[in-house]
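The lines below spell out each chain.
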Amino acid sequence: MRNGLGVSDALLLTSHRSDGSFYGMAKEAPVQKQSDVLQGTLDLMVLKTLEAMGAQHGYGIARRIEQVSRDVLRLNEGTVYTSLLRLQQQGWIASTWGVSENNRRARFYSITGRGRKQLVAETENWERISGVIARLLQLAPGGDL
Amino acid sequence: MARVSAFVAKVRNLFAGRRADREFDQELEAHISLLSDRYVREGMTPADARYAALRQFGNATSLRETCTEMRTFAPLQTFCQDLRYGARLLRRSPGWTLVAVLTLTLGIGATTAIFSLVQAVLLTPLPYPAPDRLVVPATTFTRLATDRGPVAYADVLDWKAERGLFEAVTPLYASNIDITDGAEPERVPAIRTDEAYFAVVGSAPLLGRFFTPQDNLPNAPRVVVLSHSLWNRRFGGDPHMIGKPIELSGVPATIIGVTGPDAIWPSDAELIRPLGLGGQPAAGILRRDNHAFMALARLKPGVSLEQAQAKLTVMATEIAHRDANRADTGWKLHALDAYVVGPSLRRTLWVILGAALLVLLIACVNVANLLLARGLARQREIAVRAALGAGRRRIAAQFIAESALLSAMGGVAGVVVGYWGLKLLVRFAPPDVARLEQAQIDVRVLAFSLGLCLVTTVLAGLAPAFFASRIAPVQSFHDAGRTLSGSLRSTRLRNLLVVSELALALVLLTGAGLLVRSVSRLGHVEPGIVRDGLLTMEVSLPQARYATEPLVAEGFDRVTAAIRRVPGVIDASATSSLPIGGGGNYLGRSFLTEGQPEPPASADTQAYWTVGQPGYFGALGIPILEGRAFTPHDTATSTPVIIISRAMAKTMFPNGSPLGKRIRSWRDEDVYREIVGVAGDVRYESLAGSFNKNVYVPHTQDAWASLILVVRTRLDPPTLVASVRHAVGTVDKKLALSNVRTMEQVVEAEMARPRLSMSLLVIFGLTALVLAAVGIYGIVAYAVTERTREIGVRIALGAARTQVVAMIVSKALRLAGAGLLSGTVAAFALARVLESLLYEVSATNPGALGAAAALLLTVVVAAASVPAFRASRVDPVTALRGE
């Protein structure tokens, strides 16, 4: 059950599916489908991390997410890089080359002005949606909205 | 915004692709090493730590691919890959490729050439400022069934007063004039108009000035404006021509201006002169039934053609109420571009373009069929690809790529073919198509051809792509070992394609057949004259030296007498208008017999008024059915006489002979003339027109100064031109001959348009036939290959070879039957479009359809027979061993 489950856990965060049905999906649907759901969430986390901690390399970001999620969210750490690439293409983060803690060449990412604006907008959006979801989940069976 | 920056990043990556990949690898490696360092610190062995790090990182290869795809235009790159693969495939079977490319070349070439014509003649705006506001007001004559009739001067004055509709309105009077100074007198097309003309056309003088209202007064000094082309041609573009004198038909005038290039309408006019009707015109000019002018107007900005037409209709109705002579007339406002290109030419061009598009469609179907056939042969390869994980889209894309390659090649070759085709078209095109010579392969035509290529790509690639993307790997592997059988679905698809190809070919062939019939009918039309051995030319006696009617009559007598003395000339005469629309003035008048009350109490009879010298009937070969022709004894002072045509005689005198009766052209000449003869009917308006009612009067009694000389010769008419010119020069060396043509050329000009559309449709039809034959051949040949074993078994079991042939040909015939059936339906549906192009042939003529169907069937049988006979020679032993 361990291989690939990082992704499944992340999925379970945002959508309530039974394990069984998820497995069915994981077999057939191409990677693209899963990351569609994950994409926005992970992008938001990466942006927020860079805003909070300043310039970071991919490894650092992965560690931070691991630390904050306290092992609830296990990540295929590679997926951080698709997120970084995406954010960079949108112009929300920028990168420079630097040297890592163990003296290797590594790319350091930092949030841009546009990225900050986007983060504000995304945060509001997230809060609004999660509010709606929370209210929905509290509905008693047969109750009115 | 975000999408744009992603796009920019991708574009940058087009050039930095490799480096970006390398850097990405470095980045991942850094990450993994940091991760494994951490596990080492937690106590793992370096090897275990690296393994754990890799696991935690996830599938690096797939990540790398995903990111590469995100960084680049992946679909584009795979498409390029497909193109390269397709190119290799095409190179491997050059014969197949050649057939496919040639097919598309024909289709795209034909369509490109025709489109460039349509573009030049129909789609390019006229070269005047704001051409969409230029309109031609004309008179509709209900009885003559025309809405392009000339207008009265009073009408033009009314329109000028209508300030709400028009910015400016101008009357036009087209007349040729001789430039008589210089060595060689020259007759040029000229117009007379007023000062509003230049405001209407919207042109400013290149040199000098245009008219003022004073120039248009009856007794103003004579002034003239030169067209840009005349100024260049005759005066070498001399900038000092302004103020210089020019002699026009023997009368001096002053050159006051030169127009800009293309700033004149009608575009062939070379001189513009004032009408001289300014101030208070004479009462005769203002008569509402004096329809002597054309008009041109410029609508005010914001006034639509419909609004203006509505207002004019109201005005015309009022006039019709006031003036009985205008009872059956109205006004029609033509947009200038629609006026220049009449509805018949417009329709002809669209029909031809439609036919070319049909050819292209057939070509597409054919290439689709070829691709499909090849797709079947590649079925196993495709199945392997599918088994290895190629998606449907990916497989379909490959076929689209192949068809794109073929279309691109066909497109390039097609534009070249179109270029030459256009040159041929322009050379053989009828002379009366405006702006035809401007047709060229320009950017817009190229854009159109590019569009054609794209459409072709989709049309030709779609069916094979659809089919190939549906090949199931499992089934194909099961079939392996045996000859690959086309699935039922693909066979149906191919049959459908061939059937539609045959149907389209039938439509084109039927259309071609109808036009062939129509042109052949037209070629056998009896115009009412003997048309071989006739030379015609226009000549005008200038008023300056031929001021009186007797002088004019005598002048023409001397001219024709001089021509009659030229060796080889049998007869020569002069007339006011030539048959078959050959030129001159077609003057319509209304006639009443003696004693008949004037309208509205009774109806008048309308006929063309033709002036002729005594020898006219003999020279043209018009028979005199009753009575006599004109003689030298019909003079200005003898009894006024008239000869009427048979159609006229039948209408006015249905019982008994008209000889000796008297008629008059009421409202015009109003002189009773005695009918001395009845002449055979002649088609004056055009070859396709009906016999016109005609009256002839002797030139001595109505001495027109502009006539057309007709010369009958036993030699080849064109060889006579120089000596006739010389003979005319001996009478008056300042006379200019113009529009020198043989009667054959007049007929040819009449036939040119129908003949061109016929030739094009025949070419298109035959192309369609060949393509359909290729299609049928392909499908039957494939079926034979596929059924070799079955045929072998049949032969082994004792089937006769003829039975085998019959079996295969009958399959082709079933397809042909379906094609002909649907083609017949389509041909009938499209018949209406052709109707107006046909002369005395019904568009639903069963003969044309039958002939087309028979031709198509013959070709189908021939095309199917080749593979059928090959099948009949199948050796059962070999066929079965092939298993």
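Residues numbered from 1 in each chain as written. Chains lettered and ligands numbered in written order. Predicted model: local features only at pLDDT ≥ 70, side-chain atom pairs only at ≥ 80, totals over all residues. Heavy atoms only, no water.

Asker: Would you mind going over the overall build of chain B with me for this structure?
Answerer: Of the regular secondary structure elements, chain B holds 26 helices and 23 strands. Against the globule reference of 29 Å for 883 residues, chain B gives a C-alpha radius of gyration of 38 Å, more extended than a compact globule. Oriented by its inertia axes, the alpha-carbon framework of chain B measures out at about 135 × 80 × 55 Å. The buried share among the 883 residues of chain B stands at 52%. Counting only contacts in chain B whose residues sit at least 6 apart along the sequence, the fraction spanning at least 24 positions is 80%. Each charge class in chain B was averaged separately, 91 positive and 72 negative side chains, and the resulting centres sit 10 Å apart. (Helix = DSSP H or I, 4+ residues; strand = E, 2+ residues; numbered from the N terminus. Rg over C-alpha atoms; globule rule 2.2 N^0.38 Å. Buried < 20%, exposed > 50% of the residue type's maximum accessible area, 1.4 Å probe, protein only. Contact = heavy atoms within 4.5 Å. Lys, Arg positive; Asp, Glu negative; His and termini not counted. Charge placed at Lys NZ, Arg CZ, Asp CG, Glu CD.)

Asker: I tried to follow the interface of chain B and chain A on my own but got confused; where do I start?
Answerer: Interface size, as often reported, equals the accessible area lost upon joining of the parts. At the interface, 28 residues of chain B touch 29 residues of chain A. Regarding the contact of chain B and chain A, the summed buried area is about 2400 Å², with carbon and sulfur atoms giving 54% of it. Linking chain B with chain A are three salt bridges. With a shortest N-O distance of 3.3 Å, Arg38 of chain B and Glu66 of chain A are connected by a salt bridge. (Buried area = accessible area lost by both parts, 1.4 Å probe. Salt bridge = Lys/Arg side-chain N within 4 Å of Asp/Glu carboxyl O.)

Asker: Looking at this structure, I do not really get empty space enclosed by the protein. What am I missing?
Answerer: In this approach, a probe sized like a water molecule rolls over the atoms, and the result shows the empty space that is left. This model, assessed by the stated rule, comprises two cavities of 30 Å³ or more. Considering the residues around the largest cavity, the lining is formed by Leu117, Leu345, Thr348, Leu349, Ile352, Ala429, Pro430, Val433, Leu436, Arg753, Leu756 and Ser757 of chain B. Elements with a minimum of two residues in the lining of the largest cavity: helix H12 (343-377) and helix H22 (743-786) of chain B. Take the lining of the largest cavity: its biggest share by element is four residues, from H12 of chain B. Its residues placed into classes, the lining of the largest cavity shows nine nonpolar, two polar and one charged. Lining the second largest cavity we find His57, Gly58, Tyr59, Tyr81, Ala106 and Arg107 of chain A together with Glu27, Ala30, His31 and Leu34 of chain B. Contributing elements (two or more residues each) for the lining of the second largest cavity: helix H4 (58-69) and strand E2 (105-111) of chain A together with helix H1 (2-41) of chain B. For the lining of the second largest cavity, the element with the most residues is H1 of chain B, which contributes four residues. Taken together, the residues of the lining of the second largest cavity break down into five nonpolar, three polar and two charged. (1 Å grid on protein atoms, 1.4 Å probe; cavity = no way out; pocket = protein on both sides within 12 Å on 5 of 7 lines; lining within 4 Å. Points joined across faces, edges and corners; volume = space filled by probe spheres on them. Nonpolar A, V, L, I, M, F, W, Y, C, P; charged D, E, K, R; others polar.)

Asker: When you look at the packing of aromatic side chains in this model, what are you seeing that I'm missing?
Answerer: The description of two aromatic rings rests on the distance between their centres and on the angle between their planes. All names here are of chain B. The final tally for this structure, using the stated rule, is 18 aromatic pairs over all chains. Plain terms: the ring middles of Tyr684 and Tyr696 are 6.4 Å apart, the flat faces sit at 55° to each other, and that makes the pair tilted. One end of the pair, Tyr684, is in the loop between strand E20 (673-679) and strand E21 (694-698); the other, Tyr696, is in strand E21, with twelve residues separating them in the sequence. Across the pair, exposure class does not vary: Tyr684 and Tyr696 are buried alike. The rings of Tyr616, Phe617, Phe630, Tyr684 and Tyr696 are connected pair by pair, giving a single aromatic cluster. In this structure, Arg374 is placed above the aromatic ring of Trp96, and the distance from its NZ or CZ to the ring centre is 4.0 Å. The ring of Trp609 has Arg589 sitting right over it, with the charged end atom 4.5 Å from the ring centre. (Phe/Tyr/Trp six-rings, centres within 6.5 Å; stacked < 30°, edge-to-face > 60°. Lys NZ or Arg CZ within 6 Å of the ring centre and 35° of its normal.)

Asker: Got a minute to help me understand the side chain of Glu186 of chain B in this structure?
Answerer: All names here are of chain B. Its place among the elements puts Glu186 in strand E5 (residues 186-193). A polar contact of 2.6 Å, which involves the side chain of Glu186, links it to the side chain of Arg233. The contacts of Glu186, once residues within four sequence positions are left out, are Ile177, Asp178, Ile179, Arg233, Arg234 and Ala736. (Polar contact = N/O pair within 3.5 Å; in protein donor to acceptor, adjacent residues only side chain to side chain.)

Asker: I tried to follow the pattern of salt bridges on my own but got confused; where do I start?
Answerer: Opposite charge on two side chains allows them to pair when their charged atoms are near. Residue and element names in this part refer to chain B. The final tally for this structure, using the stated rule, is 37 salt bridges over all chains. A salt bridge links Arg233 to Glu270; the nearest nitrogen and oxygen atoms lie 2.5 Å apart. You can see Arg233 sitting in helix H8 (residues 228-235) and its partner Glu270 sitting in the loop between strand E9 (251-259) and strand E10 (271-274), a full 37 residues away along the chain. The exposure class of Arg233 is partly exposed, given its relative accessible area of 44%.

Asker: Looking at this structure, how should I read the pairing of strand E1 (residues 134-141) of chain B?
Answerer: Looking down a regular strand, the side chains alternate between one sheet face and the other. All names here are of chain B. With seven of eight residues buried, E1 lies mostly within the body of the structure. By the bridge criterion, two bridges tie E1 to strand E11 (residues 291-299) in an arrangement that is antiparallel. Across the sheet, residue Val135 finds its bridge partner in E11, namely Ala297. As defined by bridge partners, E1 adjoins strand E12 (residues 329-335) across seven bridges and the pair is classed as antiparallel. Counterpart to Pro137 in the pairing with E12 is Leu333. Relative to strand E2 (residues 146-149), E1 runs antiparallel, the two being bridged by two bridges. Bridging from a neighbouring strand, Thr139 pairs with Gly149 of E2. The antiparallel pairing of E1 with E2 creates a hairpin that spans four residues between the two strands, and Ala145 there sits at a positive phi of about 55°. (Pairing = 2+ DSSP bridges.)

Asker: Honestly, unusual backbone geometry in this entry has me stumped. Any pointers?
Answerer: Most peptide bonds take the trans configuration, and most residues that are not glycine carry a negative phi. Residues and elements named next belong to chain B. Of the consecutive residues Trp265 and Pro266, the connecting peptide bond is found in the cis state with omega at -5°. For Ser249, which is not glycine, the phi torsion reads 50° and is therefore positive. Relative to the assigned elements, Ser249 resides in the loop between strand E8 (245-248) and E9. The class for Ser249 is buried, based on a relative accessible area of 14%. The phi dihedral of Asn739 falls on the positive side, at around 55°, and the residue is not glycine. Mapped onto the elements, Asn739 comes out in strand E23 (residues 738-742).

Asker: Looking at this structure, I do not really get the nonpolar core. What am I missing?
Answerer: In summary, soluble globular proteins display a tendency toward joint burial of nonpolar side chains. Residue and element names in this part refer to chain B. One finds Ile114, Leu406, Ile622, Tyr696, Phe764 and Ile808 to be the most contacted residues of the largest nonpolar core, which totals 124 residues. Examining the composition of this core, we find that 18 residues originate from one element, H22, more than from any other. Not counting the four nearest positions on each side in its chain, Phe764 is found in contact with Ala110, Ile114, Ile352, Ala355, Ala356, Val359 and Leu508. (Core = buried A, V, L, I, M, F, W, Y, C linked by side-chain atoms within 4.5 Å.)

Asker: Can you walk me through a nonpolar patch on the surface in this structure?
Answerer: Where nonpolar side chains cluster on the molecular surface, the patch consists of Ile129, Val132, Ile133, Leu136, Leu137 and Leu139 of chain A and spans about 520 Å² of accessible area. Residue placement: Val132 of chain A occurs in helix H6 (residues 113-138). (Patch = residues over 30% accessible without salt bridge, like charges linked within 9 Å, V, L, I, M, F, W, Y side chains within 5 Å. Areas by Shrake-Rupley, 256 points an atom, 1.4 Å probe, with all protein chains shown as cover.)

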